[in-house]
Amino acid sequence: MKFIDLTKRTEIGANSYYLEMGRHRVVLDSGMHPKDTGEDALPLFKAIADREIEAILISHAHQDHIGTLALAMRRFPGARVFMTDTTAEVGSVLLHNSVNVMTRQREEIGEMSYPLFTHREIDRASERWRSCPLRQQISIAGERAPRRDKDALTFEFFDAGHVLGSTGVMLRAQGQTVFYTGDVNFDDQTIMQAAGFPEDKIDVLIMECTRGDHAKPDDWSRASEEQRLAEALRRAFERDACVLIPVFALGKTQEILAMLYKFRRQRLLPEFPIYIGGLSSKFTDIYDRRAHTTRRQLARLKLMREVAPFILNDETVRDAPVRGGRVYVLSSGMMIPKTLSSVFARRIIENPQHSIFFVGYANPESPAGLLRDAGTDGEVALDLDKPPQRIRCNIEQFQFSAHATRESLVAYARKISPKKILLVHGDPSAVEWMRGILSKELPSSEVIVPPPGVELDL
Ligand SMILES: [Zn+2]
Ligand SMILES: [Zn+2]
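Residues numbered from 1 in each chain as written. Chains lettered and ligands numbered in written order. Predicted model: local features only at pLDDT ≥ 70, side-chain atom pairs only at ≥ 80, totals over all residues. Heavy atoms only, no water.

A. Main features of the overall build of the protein chain. Within the protein chain, the regular secondary structure consists of 13 helices and 22 strands. Overall size of the protein chain, expressed as C-alpha extent along the three principal axes, is 65 × 50 × 40 Å. Of all 458 residues assigned to the protein chain, the portion counted as buried reaches 59%. Intrachain contacts of the protein chain at a sequence separation of at least 6 include 72% that bridge at least 24 residues. Just so you have it, the protein chain exposes about 18400 Å², and 48% of that area is on carbon and sulfur atoms. The averaged location of the 62 negative side-chain charges in the protein chain is 3 Å from the averaged location of its 61 positive side-chain charges. (Helix = DSSP H or I, 4+ residues; strand = E, 2+ residues; numbered from the N terminus. Buried < 20%, exposed > 50% of the residue type's maximum accessible area, 1.4 Å probe, protein only. Contact = heavy atoms within 4.5 Å. Areas by Shrake-Rupley, 256 points an atom, 1.4 Å probe, with all protein chains shown as cover. Lys, Arg positive; Asp, Glu negative; His and termini not counted. Charge placed at Lys NZ, Arg CZ, Asp CG, Glu CD.)

B. Here's a closer look at the side chain of T210. With respect to the helices, strands and loops of the structure, T210 is situated in the loop between β11 (204-208) and α5 (222-238). Taking relative accessible area as the criterion, T210 reaches 4% and is therefore assigned buried. Side chain to side chain, T210 and H425 meet in a polar contact 3.0 Å long. The residues touching T210, leaving out its near neighbours within four places in the chain, are I12, Y361, H403, H425, G426 and A430. (Polar contact = N/O pair within 3.5 Å; in protein donor to acceptor, adjacent residues only side chain to side chain.)

C. Representation of the coordination of the zinc ion (ligand 1) within the structure. Those donors, H60 (NE2), H62 (ND1), H162 (NE2) and D183 (OD), are the protein atoms that reach the zinc ion (ligand 1), and they lie 2.2 to 2.3 Å from it. The sequence pattern formed by the donor residues of the zinc ion (ligand 1) is H-x1-H-x99-H-x20-D. The metal-metal distance between the zinc ion (ligand 1) and the zinc ion (ligand 2) comes to 3.5 Å, with D183 coordinating both. Taken as a pair, H162 in the loop between β8 (154-159) and β9 (167-173) and D183 in the loop between β10 (176-180) and β11 lie far apart in primary sequence, 21 residues in all. Given a relative accessible area of 2%, H162 falls into the buried group. (Donors = N, O, S within 2.8 Å, 3.2 Å for Na, K, Ca; no water.)

D. Quick peek at helix α3 (residues 85-108). Counted at 1.5 Å a residue, the expected span for α3 with its 24 residues is 34 Å, and the 35 Å between its end C-alpha atoms agrees. Among all positions in α3, only T86, T87, A88, V90, G91, L94, L95, H96, S98, V99, M102 and Q105 are buried. Of the surrounding secondary structure, the elements contacted by the buried residues of α3 are α1 (63-66), β5 (80-84), α4 (119-127), β6 (129-132) and α7 (278-289). Where α3 ends, the next residue or the one after it, G110, has phi of about 65°, a positive value. (Expected span 1.5 Å × (residues − 1).)

E. Inspection of the sheet that holds strand β20 (residues 420-424) at higher detail. Here seven strands make up an open sheet; going across it, the order is β7-β8-β9-β10-β11-β20-β21 and the pairing mixed. In the strand order of this sheet, the two ends are held by β7 (138-139) and β21 (446-448), each with one partner. Taken together, the five bridges between β9 and β10 define a ladder with antiparallel strand orientation. Residue M170 lies in a different strand from β10, and its bridge partner there is F179. Sheet contacts for helix α12 (residues 406-416): β10, β11 and β20; angle to β11, the most-contacted strand, approximately 175°. (Pairing = 2+ DSSP bridges. Axes fitted to C-alpha atoms, helices over the stretch in contact; angles between N-to-C directions.)

F. Expanded view of the sheet that holds strand β16 (residues 355-358). Pairing is parallel across the open sheet formed by six strands, whose spatial order is β14-β13-β15-β12-β16-β19. Only two strands of the sheet have a single neighbouring strand rather than two, namely β14 (310-312) and β19 (394-397). Strand-to-strand, the axes of this sheet are offset by a mean angle of 25°, without reference to chain direction. Note: strand β12 (residues 243-246) against strand β15 (residues 327-330), four bridges, orientation parallel. Within β15, the residue paired with V243 across the bridge is V327.

G. Structural view of the packing of aromatic side chains. Here the structure, examined in full by the defined rule, presents 16 aromatic pairs. Between F237 and F272, the aromatic rings sit 5.1 Å apart at their centres with planes inclined by 55°, giving tilted as the arrangement. With F237 in helix α5 and F272 in the loop between α6 (252-265) and β13 (274-277), the pair connects residues that are 35 residues apart, well separated along the chain. By relative accessible area, which is 5% here, F272 ends up buried. Sitting over the face of the ring of F272, R264 holds its NZ or CZ atom 5.1 Å from the ring centroid. Lying over the aromatic face of W433, R406 brings its terminal NZ or CZ to 3.7 Å of the ring centre. (Phe/Tyr/Trp six-rings, centres within 6.5 Å; stacked < 30°, edge-to-face > 60°. Lys NZ or Arg CZ within 6 Å of the ring centre and 35° of its normal.)

H. Region of the structure containing the pairing of β13. Of the two faces of β13, the one holding I274 and I276 and the one holding Y275 and G277 are both buried throughout. Pairing of β13 with β15 involves two bridges; the strand directions are parallel. Its bridge partner being in β15, I274 is matched across the sheet by V327. Relative to β14, β13 runs parallel, the two being bridged by three bridges.

I. Structural view of the packing of α5 against α6. Between α5 and α6, whose axes approach to 11 Å, the crossing angle comes to 70°. The angle between the axes of α5 and α6 places the two elements in the roughly perpendicular class. The segment α5 lies against α6, with R222, E226, L229, A230 and L233 engaging E255, M259, L260, K262 and F263. Grouping the amino acids of the contact of α5 with α6 by side-chain chemistry returns six nonpolar, no polar and four charged. (Parallel < 35°, antiparallel > 145°, perpendicular 65-115°, else oblique. Nonpolar A, V, L, I, M, F, W, Y, C, P; charged D, E, K, R; others polar.)

J. Layout of α12. If you check which residues of α12 are buried, you get R406, S408, L409, V410, Y412, A413 and I416. Packing partners of the buried residues in α12 comprise β10, β11, β20 and α13 (428-441). The positive-phi residue at the C-terminal boundary of α12 is S417, with phi of around 45°.

This is the structure we're talking about:
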């Protein structure tokens, strides 16, 4: 068995992994770096340039897992592409949006290689995606009832509880099993249900480490954190503040909308206007349309109808009047320059009346990370084209991560007790903490932090 981490650094970037089991060669995920641009934003496909790839398996439709799929398909034209049907629907919306973003960036940052792919290429590529149900073994040739050939490779998707359509992937060949967690959450969120992962024998576990550098506070519970958010919103409304909540368009937007719905229904807060962006509204529509056919909570809740958010676009976010008592749930979560959350934040950041609430992961070097860490009275340049601004608004933080706590990742690894554990998808400090604890608690497992681009013989 062979493995190459195609992610450029130990980080949450352009996540992609090469796996060879017997005569079979597959690629797991094909992400684009959420912050870097141009060549820096791509996986290390060069490390597998001369190899024939049979299949590309996509765990979920976040940019850092699916963003370069069109490029991978161009490079490996013979590869079959598999994902859940929900991920296919979400992924197509995300990649079309990515073409628009890159086309704009070509002008804004002068990245002449952009757009890296076109709308037409996404249309053609998505016709070749094969959608797979959860918990069904499928052969790498795409057969639902694979023949019992012991050398054949099969895969099976398991619900990862992270965002709509997200999965972990089990691969089996030659009596060996590899399980890739993708991005996972072992706890219920407000909409998503906890992951339903396999607990049988796994030889090699490829595990995400996003929250490896954050201990779960003893008194934290999702319910009490929701109460704390409702309370903070009530206080903000009392001083006639508007509240910006920067979020990922897929996942966190819908979780926050569901919380706001609950707050209104429980009469914790009065009616108040809510704003989201156009891309977020497309993903929210998919959550609503699939409410009855996906594993989730509040299955009858149709967010677009019940919460009825107003939609902002690139133009209206610049001049819509900023009024107290309104909540702006805008992407991007990392506040990448020129996105809705970045443009809107620049408008309110110097005004002590208003608030910005952070609700999930932000890379510490991203604008959201810099703003969060600088805090009130600090200074931040959200857009390098513009002068830095003094932070006068109120900044608060809440913990609604869509990722597993490090404690639950360790518990899962202990339950499975695999022969080898490969640690991926984490900042160096996060991966290092996981390596330390797993080496201690699972002395019979080999714990490996795969060096980028290097072939490991497992
Ligand atoms: Zn994700
Ligand atoms: Zn991810």
